[in-house]
There are 2 protein chains.
Amino acid sequence: MPLVDNEKDTSRSKLCGLETYFNKSMTHILGANVFIDGGFDFVVVPLMSPTYRPSLVQQFGSFSIEASLPCARSDLDPMPYLWQDHVIGKISEWIDLDSPDEMVRKDSETAFKQELAWASYLSLQACILPTPKGNSWTNYARCANQFLQEQPKEMQLWLRIPLVKPDGDSVEIYRTPDDYWKIWNSFRLMCDHNSKLLVALDNWSTMPSENSLNSWYGEPVVTFIIHTNSFFTRDGDNPKHLSEGLQKLIAYFLNHFTQIIISEVQLFSESISEVQHNYRNVDAISDEASRRRHLLPHIHYLRSLYQQVGPLSSPLSLQEHLQLAVRDVIQYTSQPFKEILESVFYQRQESDKKIYMMYKSAICQALLDRVPDEKASVITIVLVVVDAGHGALVKTSLQAAKETGRKLKVYAVEKNLNPLPYLYKKCNEKDWKDIVTLVQTDVRYWNAPEKADILVSELLGSFGDNKLAPECLDGAQRFLKEDGISIPSSYTSFLQPVKNANLYNSVKGGGDNILRLETTFNTRMYNVARLAPCQPLFTFTHPKRSVKESNRRYKKLQFVIPDDPESAIVHGFAGYFDATLYKDVHLGTEPSKATPDVFSWEQLFFPLREPICVQRGSTLEAHFWRCCGSTKVGFRSFVVFHRISFHISFLHLYSISCISYFMFSFVESKTGLV
Amino acid sequence: MPLVDNEKDTSRSKLCGLETYFNKSMTHILGANVFIDGGFDFVVVPLMSPTYRPSLVQQFGSFSIEASLPCARSDLDPMPYLWQDHVIGKISEWIDLDSPDEMVRKDSETAFKQELAWASYLSLQACILPTPKGNSWTNYARCANQFLQEQPKEMQLWLRIPLVKPDGDSVEIYRTPDDYWKIWNSFRLMCDHNSKLLVALDNWSTMPSENSLNSWYGEPVVTFIIHTNSFFTRDGDNPKHLSEGLQKLIAYFLNHFTQIIISEVQLFSESISEVQHNYRNVDAISDEASRRRHLLPHIHYLRSLYQQVGPLSSPLSLQEHLQLAVRDVIQYTSQPFKEILESVFYQRQESDKKIYMMYKSAICQALLDRVPDEKASVITIVLVVVDAGHGALVKTSLQAAKETGRKLKVYAVEKNLNPLPYLYKKCNEKDWKDIVTLVQTDVRYWNAPEKADILVSELLGSFGDNKLAPECLDGAQRFLKEDGISIPSSYTSFLQPVKNANLYNSVKGGGDNILRLETTFNTRMYNVARLAPCQPLFTFTHPKRSVKESNRRYKKLQFVIPDDPESAIVHGFAGYFDATLYKDVHLGTEPSKATPDVFSWEQLFFPLREPICVQRGSTLEAHFWRCCGSTKVGFRSFVVFHRISFHISFLHLYSISCISYFMFSFVESKTGLV
């Protein structure tokens, strides 16, 4: 039974699993924990008996079928679809593919392949891989990668990684959470960023600190494992509780589509005899009533936690709901001048009320500045709306005139033929008649009958100038009075290096691999690590002092990677913008001062072809050019990493325009090898 | 409201549309015909006023916005999502892109582009294109193709093609249904088989003959248009009826996912004045009550027809339901020896009861032939099941022994480790114990302890020998007694040229174009024209007289295209098989004697890279080789068409096996140019 019984909530995190011991009868395990009101949605169990070792089978003499069947379960117990829906396989903990002991290593390779083949045969959705042991996991990663490459199915591998050092762990090699992230990162790199390789984060400590999570922002953490001994009983109270730190972690994961697994298994320091003890023990407590008495308080507690802090714990607006669905989803950036815009596009944009409130406030101020009160009845302000669409800015301007008591004459210029029927109808309505003149033309070529006091436009892409606002407004400046006002009066693009594995993987996994990496994407980043503060890139101001002033730009940005986390991986850059509409009225997406309740703009994602590792205190240098060339607008990047140059040809093509961006970035580490 | 109110029925054909006249208010049209219980699910209406001509606008002097707005409707009347869901655009009938009159042609090009741009802007799902006029439609097809290539969206174009000569049409150019098919075929070829170009078949005659459909089997007919004047009133009865011939046509289309559109529009011989008359007339009858009185009997009649003959008119079994969903859907053929088979695969196959009934009957006969009644208690027959899987053939053999009262000793040989736990469990059960011996090995390398009387296997792919049954059974023959029996004792593959545009388009539309055309696909062909009777290809018999006898084969097939339809297009070949299990017990998919109620096998589809046109009486020649080479099994084809050679490299790769097929086929026409 899911943590919440709400059909609207389709998040994966509402499913909760139980990690338990090996038992010969899977029907028994599922019956007690999932079906007969056991409360869990799925179980995580070893696929083979923990006492099985391939070499022992051979040692005990002649070949026998029974000995070669370590799984010791039938695929028809229970029926295959129950395996698929409710079982996550657990690869044996003893497996050590990099063991110095050759017998252990050989046994490990045989068993690893057998267990994964058995899981594939059962069509399981995923298997949990044990935490890499010791200092080396090259062979382990190679074997995992080989399986990921060869299996044609969608089965995922979840690599189990401790969040912090296990309590009472005698192994002192790893001390910091960052060490564990490095294990994951090197394993992931050896598996070539395979999108079917994910993280199962295992919380050992009852009191994890909040910053232990820092390394894991932007990573594909698919499940968070908590242990029954992390729960405590308060004041002799029966129900179980979790520490406040742990509650916060769980709240974070529930909101990031991460499933919770409750584990009743003690993983470390298990000798075979201990395993056998536990194994027998399960048969004893597998009696249904005692199982329920044992685990129900835990799941009840999680259920109430989900209600309090889960994804739908606060009522969401329709817009928030829609945004939930596109979190970390990539969308191709639209190409200005090329595509036929669709009616629904205008409609969606113009339903973004907050934008037009900001515009109204800017227009009001401009009107008041332009016409003193005593002349309000005399002076008529000429206002041109560039790319009028369905007329939302026309309407906004008329409202501003009404509110300020100023007289207005509006030219609504629209180059597309298709929105005109609607605009034309509006122009014949009472409020618009005799005030608004409709003009069908490209504003760059319009032969205006008179000069304008105010130019209002909304041509901002999610990166400010990427929808060619500078080029359009240069064209419109011809008919703006010497002292005329442009709303917006300026806009600036911003950049920030980010870690976002899901986003990178969906770009990489797309059909035409390289092509897709050479373009930018719109997205709503959610599970993201922002690795350094945003920095401003290019600014454009309107009206320009001289129209001849170029729209070419160049800038070098230097991002210093802060101390925490110690090291990270850069998957690409996030792009934002901030626009000054008029004086102190601004509008934008730059995180530190983003306009609230605006949903039209997403972030722009510039993926790197090869993610690069950065270390605390190192400097990531990015060079950006905006070039006015002959036919294309693009981005190109080169990454020089430790003075070894990677060419990341990174072209973003806008077909009919005439600008291009180039990016050149490299990282230099203060501390030597990263 | 759909024709049937049944959630189980998800077929597109349950939606019924109305074709009506232009009206300035789309809200009005939708209100009367779709929403206020109008009974239709969507409407087909012209996108622009029928009196609009671009040249007239320019002629009437200076530019005015009103004159440049021929659509004369706003995209917000009704809201965009209503346009998308309920309106199919109709491109103006007067448009003639190949007119000898230059003004008409120029007007046509301008209007054609404007109308399609407007439809794109509204995000419509489809537009109906008028029937090509006169003897030439090259420019028309070019413009349509340009639009299909350039628009990034999924909007479809439905080319309106008459099913038969319109009643009372004075134009005598086209006489036969085949002529109309040729128009469609040449248009489709000029648009390079674009999968967004579909047929809207327009029935003009009240009494179409049944064979008028012959040309249209296998074609992407998306809608069938019937006219209100095809309905008649019987015996002064109020409700409307259709002729029996038309009922049969409609039944065919309803079962082929084709939507029905009722048209109240007279298309041919409309002059502008007539159009204007009708146009005004619509305003008069658009009064809601009279509209309903006028059209409700038609839709009520269709609704009752749907209940009688629609896709769910007879209760379907679960299997039939599942098959409905995969009609004409392509699936990659599995690669033997390579993939890990999944548990669900065995389970699905072994739930195909009819197959095992046939096997039981064959085994019974073999046992009776082998052991006379009087020796039934003395002789024990040794039976080997090759690739036992979950043991369905073992179970079948034991049942046959019980029914015939013969004694049996069974070896169940299975190479895969994964089904063994289940088989092992079965071997310890009462019925199997002491009779069945489980052996885990590849049968080709098995060192059998004794020779077998009977070899039972189910290694047949949908093309007989394509799962390497000959190679496997050759390996097993080593341990079969001299006079031993193999069940199956022989199998033959069959081929047939087919027309199936949907299937061809889905192969062509796949990501990696050429690669996909160079493989075969499993499919359940449904909307298909079988262009000539099946012919047998290769036969394999077991046991072989000499194991050294090669499994290489070569055969030339000659398919004579029958007289009706006069011409057609070949998209590829359909492959079937028929197996003789023992004596007169056979099992197979070859259409003329397919085993009923068997669902495990689909057909194999061999797509041609370029479909080829064939004409009545012409001969299609296909050469097939099955080669035992070093590492690959494949098909390769060359098509020589009118002595011009097309190379169709057509490789179907099986990775670990050691055979290959080659295909070489060409068509020669008796009557000259096709």
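Residues numbered from 1 in each chain as written. Chains lettered and ligands numbered in written order. Predicted model: local features only at pLDDT ≥ 70, side-chain atom pairs only at ≥ 80, totals over all residues. Heavy atoms only, no water.

**Quick look at the overall build of chain A**
Rules: Here a helix means four or more residues in a row that DSSP labels H or I, a strand means two or more in a row labelled E, and each is numbered from the N terminus. Relative accessibility under 20% of the residue-type maximum defines a buried residue, over 50% an exposed one, and the middle range a partly exposed one, all with a 1.4 Å probe and only protein chains included. In what follows, residue pairs with any heavy atoms lying within 4.5 Å of each other are defined as contacts. Residue-level accessible areas treat just the shown protein chains as cover; the underlying method is Shrake-Rupley with a 1.4 Å probe.
Counting its secondary structure elements, chain A contains 17 helices and 28 strands. For chain A, the residues scored as buried account for 58% of the 674 residues in total. Intrachain contacts of chain A at a sequence separation of at least 6 include 82% that bridge at least 24 residues. Just so you have it, chain A exposes about 28000 Å², and 53% of that area is on carbon and sulfur atoms.

**What about the side chain of H227 of chain B?**
Tracing the backbone through its elements, the reader meets H227 of chain B in strand β7 (residues 221–227). If we skip the residues at most four places from it in the chain, H227 of chain B touches R160, D202, N203, W204, S263 and V265 of chain B.

**What about the packing of helix α12 (residues 353–370) of chain B against helix α13 (residues 392–404) of chain B?**
Any two packed helices are characterised by how steeply their axes cross, that is the angle between the axes, and by the distance between the axes. Residues and elements named next belong to chain B. What counts is decided by this rule: For helices, the fitted line uses only the C-alpha atoms of the stretch in contact; every axis is such a line through C-alpha atoms, and the angle between N-to-C directions lies from 0 to 180 degrees. Our angle categories are set so that under 35 degrees counts as roughly parallel, over 145 as roughly antiparallel, 65 to 115 as roughly perpendicular, and the remainder as oblique. For any helix crossing, the convention is left-handed if the near helix is rotated counterclockwise from the far helix by under a right angle, and right-handed if that rotation is clockwise.
At a closest axis distance of 9 Å, the pairing of α12 and α13 adopts a crossing angle of 45 degrees. Judged by the inter-axis angle, α12 sits oblique to α13. Regarding α12 and α13, the two cross each other, and that crossing is right-handed. On α13, the residues touching Y356, Y359, K360, I363, C364, L367 and L368 of α12 are A392, L393, T396, S397, Q399, A400, A401, E403 and T404.

**Remarks on the sheet that holds strand β14 (residues 436–440) of chain A**
Residue and element names in this part refer to chain A. The line we're drawing: Note on pairing: DSSP must find at least two bridges between two strands before they are called paired.
With respect to topology, five strands assemble into an open sheet ordered β14-β13-β12-β15-β16, the strand pairing being parallel. Strand pairing shows two members of the sheet lacking a second neighbour, β14 and β16 (480–487), which therefore form its edges. Taking each pair of neighbouring strands and ignoring which way they run, the sheet shows an average axis angle of 25 degrees. Looking at chain direction, strand β12 (residues 380–386) and strand β15 (residues 452–457) are connected through four bridges and run parallel.

**Overview of the sheet that holds β7 of chain B**
Adjacent strands of a sheet pair through backbone hydrogen bonds, lying either parallel or antiparallel. Residue and element names in this part refer to chain B. Spatial ordering of the closed barrel is given by β1-β2-β3-β4-β5-β6-β7-β10, a layout of eight strands whose pairing is parallel. For this sheet, the mean angle separating the axes of adjacent strands, direction not counted, is 30 degrees. Bridging between strand β1 (residues 16–19) and strand β10 (residues 259–263) involves four bridges; their strand directions are parallel. Bridge assignment links L18 to a residue of β10, and that residue is I262. Helix α5 (residues 138–150) rests against β4 (126–129), β5 (156–162) and β6 (197–202) of the sheet, and its axis sits at about 155 degrees to β5. Across the face of the sheet, helix α7 (residues 244–254) comes into contact with β6, β7 and β10 while running at roughly 155 degrees to β7.

**Focus: the environment of H193 of chain B**
By secondary structure assignment, the location of H193 of chain B is in the loop between α6 (177–190) and β6. If sequence neighbours within four positions are ignored, H193 of chain B has contacts with R188, Y504, N505, K508, I569 and P611 of chain B.

**Re helix α13 (residues 392–404) of chain A**
All names here are of chain A. What counts here: Any helix carries an expected span of 1.5 Å times its number of residues minus one.
With 13 residues, α13 should reach 18 Å at 1.5 Å per residue; the first-to-last C-alpha distance of 18 Å fits that figure. A392, L393, V394, T396, S397, L398, A400, A401 and T404 are the residues of α13 that are buried. Buried residues belonging to α13 abut α11 (343–350), α12 (353–370), β12, β13 (407–414), β14 and β15. G405 lies just past α13 and shows a positive phi near 70 degrees.

**Observations regarding helix α14 (residues 420–427) of chain B**
In an α-helix, one full turn covers 3.6 residues, which means residues spaced three or four apart are oriented alike. Counting buried residues along α14 of chain B, six of its eight residues qualify, which places the element largely inside the surrounding structure. Among the residues making up α14 of chain B, those that are buried are L420, P421, Y422, L423, K426 and C427 of chain B.

**Considerations on the pairing of strand β22 (residues 567–582) of chain B**
Residues and elements named next belong to chain B. Of all the 16 residues making up β22, 15 are buried; the element is thus mostly covered by neighbouring parts of the structure. Pairing analysis gives nine bridges linking strand β17 (residues 490–499) to β22, with the strands arranged antiparallel. Bridge pairing in β22 places S493 opposite F577. Bridging between β22 and strand β23 (residues 585–588) involves four bridges; their strand directions are antiparallel. Its bridge partner lying in β23, A579 is registered against L587. Remark: two residues form the turn of the hairpin made by β22 and β23, two consecutive strands paired antiparallel; K583 in that turn has positive phi of roughly 50 degrees.

**Focus: the packing of aromatic side chains**
Stated formally: Each pair of aromatic rings taken from Phe, Tyr and Trp, with Trp reduced to its six-membered ring, is defined by centres within 6.5 Å and is described as stacked if the planes are under 30 degrees apart, edge-to-face if over 60, and tilted in the remaining cases. Whether a charge lies above a ring is judged from NZ of Lys or CZ of Arg, which has to be within 6 Å of the ring centre and within 35 degrees of the ring normal.
Tallied over the entire structure, the rule returns 32 aromatic pairs over all chains. Look at F112 of chain A and Y140 of chain A: their rings are 6.0 Å apart centre to centre, the planes differ by 85 degrees, and that puts the pair in the edge-to-face class. Within this pair, whereas F112 of chain A is found in helix α4 (residues 102–121), its partner Y140 of chain A is found in helix α5 (residues 138–150), the two being separated by 28 residues in sequence. Residue F112 of chain A is classed as buried on the basis of its relative accessible area, which comes to 2%. One aromatic cluster is present, built from ring pairs that chain together W83, W118 and Y121 of chain A together with Y346 of chain B. Sitting over the face of the ring of F540 of chain A, R553 of chain A holds its NZ or CZ atom 4.0 Å from the ring centroid.

**Structural notes on unusual backbone geometry**
Residue H542 of chain A is joined to P543 of chain A through a cis peptide bond whose omega torsion reads -10 degrees. With respect to the helices and strands, P543 of chain A occurs in the loop between β20 (535–541) and β21 (553–560). A cis amide bond links I487 of chain B with the next residue in sequence, P488 of chain B, at an omega value of 5 degrees. Position of P488 of chain B among the secondary structure elements: in the loop between β16 (480–487) and β17. Backbone geometry at D597 of chain B places phi at a positive 65 degrees, although glycine is not the residue there.

**Examining the pattern of salt bridges**
Under the convention used in this document: A pair is scored as a salt bridge if a Lys or Arg side-chain nitrogen falls within 4 Å of a carboxyl oxygen belonging to Asp or Glu.
Considering all chains together, one arrives at 43 salt bridges over all chains under this definition. The partner of R444 of chain A in a salt bridge is D442 of chain A, and the shortest N-O contact between them spans 3.1 Å. You can call R444 of chain A partly exposed: its relative accessible area is 25%. Residue classification places D442 of chain A among the buried positions, given a relative accessible area of 16%. D453 of chain B is the partner of K481 of chain B in a salt bridge, and the nearest nitrogen-oxygen pair spans 2.9 Å. One end of the pair, K481 of chain B, is in strand β16; the other, D453 of chain B, is in strand β15 (residues 452–457), with 28 residues separating them in the sequence. Its relative accessible area of 30% is what places K481 of chain B among the partly exposed residues. Among the ionic contacts, a cluster of salt bridges with common partners joins E19, K90, R160 and D202 of chain A.

**So, the environment of Q603 of chain A**
Residue and element names in this part refer to chain A. By the element assignment, Q603 lies in strand β24 (residues 603–615). Each C-alpha atom of the pair Q603 and G575 lies 5.7 Å from the other, and the pair is 28 residues apart in sequence. Apart from the residues lying within four places of it in its own chain, the contact partners of Q603 are F521, N522, T523, R524, M525, G575 and Y576.

**Some details on the pairing of strand β3 (residues 87–90) of chain B**
Residue and element names in this part refer to chain B. Inclusion rule: By convention, orient the strands away from the viewer: a clockwise path from the first strand over the helix to the second makes the crossover right-handed.
On β3, burial covers both faces: V87 and G89 on one face and I88 and K90 on the other are all buried. With four bridges connecting them, strand β2 (residues 42–46) and β3 associate as parallel partners. Bridge pairing links V43 to V87 in β3. Note that β3 and β4 share two bridges and pair parallel. Within the sheet, the bridge partner assigned to K90 lies in β4 and is I128. Between the parallel elements β3 and β4, the chain passes through helix α4 (residues 102–121) in a crossover that is right-handed.

**Notes on the confidence of the model for chain A**
All names here are of chain A. Note the cut-off: What pLDDT conveys is the predictor's confidence in a given residue, as a value from 0 to 100.
Per-residue confidence for chain A averages 80 on the pLDDT scale, and 79% of its residues sit at or above 70. Confidence, expressed as mean pLDDT per element, reaches its minimum in chain A at strand β27 (residues 644–648) with 29 and its maximum at strand β4 (residues 126–129) with 97. Long-range and interchain partners of residues 334–339, a stretch whose pLDDT sits below 50, account for 18 contacts in this model, where long-range means more than four residues apart. Confidence over residues 664–674 falls short of pLDDT 50; this stretch has 50 contacts with residues more than four positions distant or in other chains.

**Here's the deal with the state of the cysteines**
This is how the line gets drawn: Throughout, a disulfide means two cysteine sulfur atoms within 2.5 Å of one another.
Throughout the structure, instances matching the rule amount to zero disulfides over all chains. Sulfur of C191 of chain A: no disulfide; nearest cysteine sulfur belongs to C143 of chain A and is 10.0 Å away.

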